[in-house]
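Descriptive structure summary
Take a look at the letters that make up each chain.
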Amino acid sequence: MHSPLWPTPPKLSLGLRDGDHPGPVEIRLAARSSELGRMRAWVSEAAALLGCDGKSRFEFVVAINEAVTNAIRHGTPADDGTIGVRLESDGGAIVCSVCDGGPFVPPSQRSDPTSDVGGRGFAFMAALTDELELVVNPGATVVRLRKQRTAEAHAGDA
Amino acid sequence: MGYLEVNYQEIDGDVRILRVAGDVDFDAAPQLKRHIMSRVDAGDRQFIVDLSAVEFIDSTAIGVLVGALRRLDANGGSLLVVCDNEDIRGIFETVGLEHVIPLHRSHEDAFAALAHAA
């Protein structure tokens, strides 16, 4: 079932020459956990088109999934009930921004801080990306994740 | 709902194998939790959780495994993970979880670890 909220990534590849990377791509998804699988498929394909592959891509998808899961569980959707996921190139890295429409809820203020299924999301994001940034405004929370395209490029930077 | 499949197998002795396949994310983690906890509640104490056929795993699924492990630890039981999928193993290693949940490549290795601990 395809919803207009989900543009298909393959069209991004149109008109690209070798070495080109497409500009920012963005999707909006309904803030429901049942949307996570489709979100991951989209992000994985978009990351590949932006030149991120292999282990780096898998780690990035896991990290982005954590940010989106947090936005679904603890965030406030935009007025249309959605949250946004945006990917863009930045030098040798890809930056993903996950945006919801409400204030940031710190883990200590969440409904069930002792739950054994929660509380590890930010640790995952930090371990699996090169940079993690949290931009908090009253009307929006953005989690920005940065990842080198390839594990080799990352090793070369070290 | 994403695709998740859990198969339960009783092995000679006290060991139980849970074979998990599919995507274990926040949407599917409650199913995994129900499967494991129903066996823990039934009195099973030795678990090998085989994640080799898992294609995706998130922190809530890891939380389910850690929760079950803690409960089993407190009752003299144990839980080991078997996984030969390098992507999934990589997540355990990068996040540092292989120090929390014992991670093995094969059932033979896991059985040897259980026998050694017994």
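A quick note: this is a predicted structure, and the numbers were derived from the prediction, not measured.

Our next topic: the overall build of chain A. Within chain A, the secondary structure is distributed over four helices and five strands. Counting helices and strands in the order they occur from the N terminus, chain A gives β-α-α-β-β-α-β-β-α. Classification of the 158 residues of chain A by burial places 35% in the buried group. Summarising the internal contacts of chain A: among those between residues at least 6 apart in sequence, 68% fall at separations of at least 24.

All right, on to the packing of helix 2 (residues 54-74) of chain A against helix 3 (residues 121-128) of chain A then. The relative placement of two packed helices is expressed as an angle between their axes plus a distance between the axes. Residue and element names in this part refer to chain A. As a packed pair, helix 2 and helix 3 sit with axes 9 Å apart at the nearest point and diverge in direction by 150°. With respect to each other, helix 2 and helix 3 are oriented roughly antiparallel. Between helix 2 and helix 3 lies a crossing whose hand is left-handed. Where helix 2 abuts helix 3, its residues Glu59, Val62, Ala63, Glu66, Ala67, Thr69 and Asn70 lie against Gly121, Phe124, Met125 and Leu128.

Counting 66 residues, the largest nonpolar core has Ile64, Val68 and Val98 of chain A together with Val24 of chain B as its most contacted members. Counting residues per element, this core draws most heavily on helix 2 of chain A, at 10 residues. Those residues within four positions of Val68 of chain A in sequence are excluded, and the remaining contacts are Leu36, Met39, Ile83, Val85 and Val98 of chain A.

Looking now at the pairing of strand 4 (residues 78-82) of chain B. All names here are of chain B. Counting buried positions over the five residues of strand 4 gives four, a clear majority of the element. Alignment of strand 3 (residues 46-57) against strand 4, held across five bridges, turns out to be parallel. Bridge assignment links Val49 to a residue of strand 4, and that residue is Val81. Assessed by its sense of winding, the connection that carries the chain from strand 3 through helix 2 (residues 59-74) to strand 4 is right-handed. As paired strands, strand 4 and strand 5 (residues 103-104) are joined by two bridges and run parallel to one another. Bridge assignment links Val82 to a residue of strand 5, and that residue is His104. Following the backbone out of strand 4, through helix 3 (residues 86-95) and into the adjacent parallel strand 5, one traces a crossover that is right-handed.

The terminal C-alpha atoms of helix 2 of chain B lie 22 Å apart, and with 16 residues this matches the ideal 22 Å at 1.5 Å per residue to within 8%. When helix 2 of chain B is considered as a whole, its buried residues turn out to be Ser59, Thr60, Ala61, Ile62, Gly63, Val64, Leu65, Ala68 and Leu69 of chain B. Along its buried surface, helix 2 of chain B packs onto helix 2 and helix 3 of chain A together with strand 2 (15-24), helix 1 (29-41), strand 3 and strand 4 of chain B. Remark: Gly76 of chain B follows helix 2 of chain B within two positions and exhibits a positive phi of approximately 75°.

Neighbouring strands of a sheet are bound in pairs by backbone hydrogen bonds; such pairs are parallel or else antiparallel. All names here are of chain A. Ordered by their spatial adjacency, five strands build an open sheet running 1-2-3-5-4, and the pairing between neighbours is antiparallel. Each of the sheet's edge strands pairs with one partner strand only, and the pair in question is strand 1 (25-30) and strand 4 (131-137). Here the strands of the sheet are splayed against their neighbours by 15° on average, with no regard to which way each runs. Both strand 4 and strand 5 (residues 140-148) contribute to a ladder of seven bridges, which runs antiparallel.

Here we come to the confidence of the model for chain A. This prediction gives chain A a mean pLDDT of 81; 73% of its residues lie at or above 70. A low-confidence stretch, residues 9-17 of chain A (pLDDT under 50), is modelled with 10 contacts involving residues beyond four sequence positions or located in other chains.

About the criteria used
- Residues numbered from 1 in each chain as written.
- Chains lettered and ligands numbered in written order.
- Predicted model: local features only at pLDDT ≥ 70, side-chain atom pairs only at ≥ 80, totals over all residues.
- Helix = DSSP H or I, 4+ residues; strand = E, 2+ residues; numbered from the N terminus.
- Buried ≥ 20, exposed ≤ 12 C-beta atoms within 10 Å, placed from the backbone.
- Contact = placed C-beta atoms within 7 Å.
- Axes fitted to C-alpha atoms, helices over the stretch in contact; angles between N-to-C directions.
- Parallel < 35°, antiparallel > 145°, perpendicular 65-115°, else oblique.
- Left-handed = near helix turned anticlockwise from the far one by under 90°.
- Core = buried A, V, L, I, M, F, W, Y, C linked by C-beta atoms within 7 Å.
- Pairing = 2+ DSSP bridges.
- Right-handed = clockwise from strand over helix to strand, strands pointing away.
- Expected span 1.5 Å × (residues − 1).
- pLDDT = per-residue confidence, 0-100.

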